[in-house]
Structure formats: C-alpha cells, structure tokens
Amino acid sequence: MSVPENPAADYNAFNATKGNKIHKVIGQALFRKVCLLYTSPSPRDRDMIAPMRQEVIMAGFQEIRTPEEVDNFIRSTKGTALYFINSVCGCTNGVRKGLIMSLKHPKKPQKLVTSFAGADLEAVDRIREHLRPNPPSSPAVALFKDGSLVKFIPREEFVERESEEICAMLQTLYEKYF
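Residues numbered from 1 in each chain as written. Predicted model: local features only at pLDDT ≥ 70, side-chain atom pairs only at ≥ 80, totals over all residues. Heavy atoms only, no water.

Colleague: Describe the sheet that holds strand 1 (residues 62-63), naming the residues involved and giving the relevant values.
Modeller: Read across the sheet, 5 strands follow the order 1-3-2-4-5 without closing on themselves; strand pairing throughout is mixed. A strand with exactly one partner marks an edge of an open sheet, and here the two such strands are strand 1 and strand 5 (148-153). In this sheet, strand 3 (residues 111-116) lies alongside strand 1 in parallel orientation, the contact comprising 2 bridges. The residue of strand 3 that forms the bridge with Q62 is V113. Sheet contacts for helix 6 (residues 121-130): strand 2 (80-86), strand 3 and strand 4 (140-145); angle to strand 2, the most-contacted strand, approximately 130 degrees. Across the sheet, helix 7 (residues 163-177) touches strand 2, strand 4 and strand 5, and the angle it forms with strand 5 is around 155 degrees. (Pairing = 2+ DSSP bridges. Helix = DSSP H or I, 4+ residues; strand = E, 2+ residues; numbered from the N terminus. Contact = heavy atoms within 4.5 Å. Axes fitted to C-alpha atoms, helices over the stretch in contact; angles between N-to-C directions.)

Colleague: Quick one: what's the story with the packing of aromatic side chains, residue by residue and with numbers?
Modeller: Each aromatic ring pair is described using two quantities: the centre-to-centre distance and the angle formed by the ring planes. Tallying each qualifying case throughout the model produces 4 aromatic pairs. Cluster of aromatic residues (ring-pair linked, three or more members): F73, Y83 and F144. (Phe/Tyr/Trp six-rings, centres within 6.5 Å; stacked < 30°, edge-to-face > 60°.)

Colleague: Let's hear about the packing of helix 4 (residues 67-76) against helix 6: which residues, and what values?
Modeller: Two elements in contact, helix 4 and helix 6, have axes whose closest approach is 7 Å; the angle formed by their N-to-C orientations is 35 degrees. Here the hand of the crossing between helix 4 and helix 6 comes out right-handed. Counting all contacts with helix 4, which are made through P67, V70, D71 and I74, the residues of helix 6 involved are E122, A123, R126, I127 and H130. The class makeup of the residues in the contact of helix 4 with helix 6 is 5 nonpolar, 1 polar and 3 charged. (Left-handed = near helix turned anticlockwise from the far one by under 90°. Nonpolar A, V, L, I, M, F, W, Y, C, P; charged D, E, K, R; others polar.)

Right, dumping it as structure tokens:
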C-alpha cells in the first residue's frame, strides 16, 4: 500500500462513502493498514489526523497532549467528564459522530477532553495507566465522576454500530452515571 499524497483529502473522500454497504469492510481493512503506516507523529500524520482532531474540538472537546495534562485532568476534575481516545481507525468515524450527537442530551458530561492515539503517545499512555485494569483500546471512551473512572467503553463496543446506536448507548450511560 502506498502512502497517500493527501491523507486528509483521502480521509474526507472516504467519509463521503458512509452510506455504502461496503464502507465498513473497506474502512476496517484500509484504516488498519493506515494505522500501521502512521505510527509516529510526522508532518504527514498531522495533516491526516487534522480533520479528525478538528471534528471533536469543534464539538467542545479540549485536547490533552501531555502526561502532565492527563494527571491534572484526573486530579482537578470535579463533576462529570468524558475522555475520548481518538483514533485513525475506520470505526472511529462513527464513534466521533455518535459521540458528538450524544452531547445534545440534557444529561451530559460537564467536561470533554480528548487525546489522539498514535499522535499524543505519552498522553495516551498516561490515561491508559489511569484506566487499568482495562486493556489499551482506541478508539475508547472513559466516563469520570469527580476524577474517578465510572465506565470504560472499549473499541469492541463500537465496532459494527452506526452513529445513532453509539449516540443512544452513550446517552443511556449518561443517564446511569451522571
């Protein structure tokens, strides 16, 4: 597989195929290969993930990029919070959309933060330490209350689900934990 000339444009073109039935099959296979290609935050990586980062930032998420910021989040968060481990993998597109849709619910997290697996390496490693004994997963969503983990949702619970199903699942969890 060759490295795409414009990864961000290729990702956006891929997203436009969301209605296709083969989207999931192609998406999972293609983005697994892309994940293997993009294992360090090079300039090309930053270009590829920029629209994926921007999507959640525009929805109100604050980026956490260092281990110190993760520790500060855990230590200082009062009330409810959601930590989203973003990813380039194919299923994450539906997760991002479902996650953003879920924030329209009256009962939602007070604080929204995110780190990008494969780019914010040290921050993701640190949040994973706080998420133990849960295994590493990306994408993943962690719900916190007063700095304590109350629910962890790994990649496996998102795969094969449409954005609307993810939205409903998250809103049910907001009702239960918040």
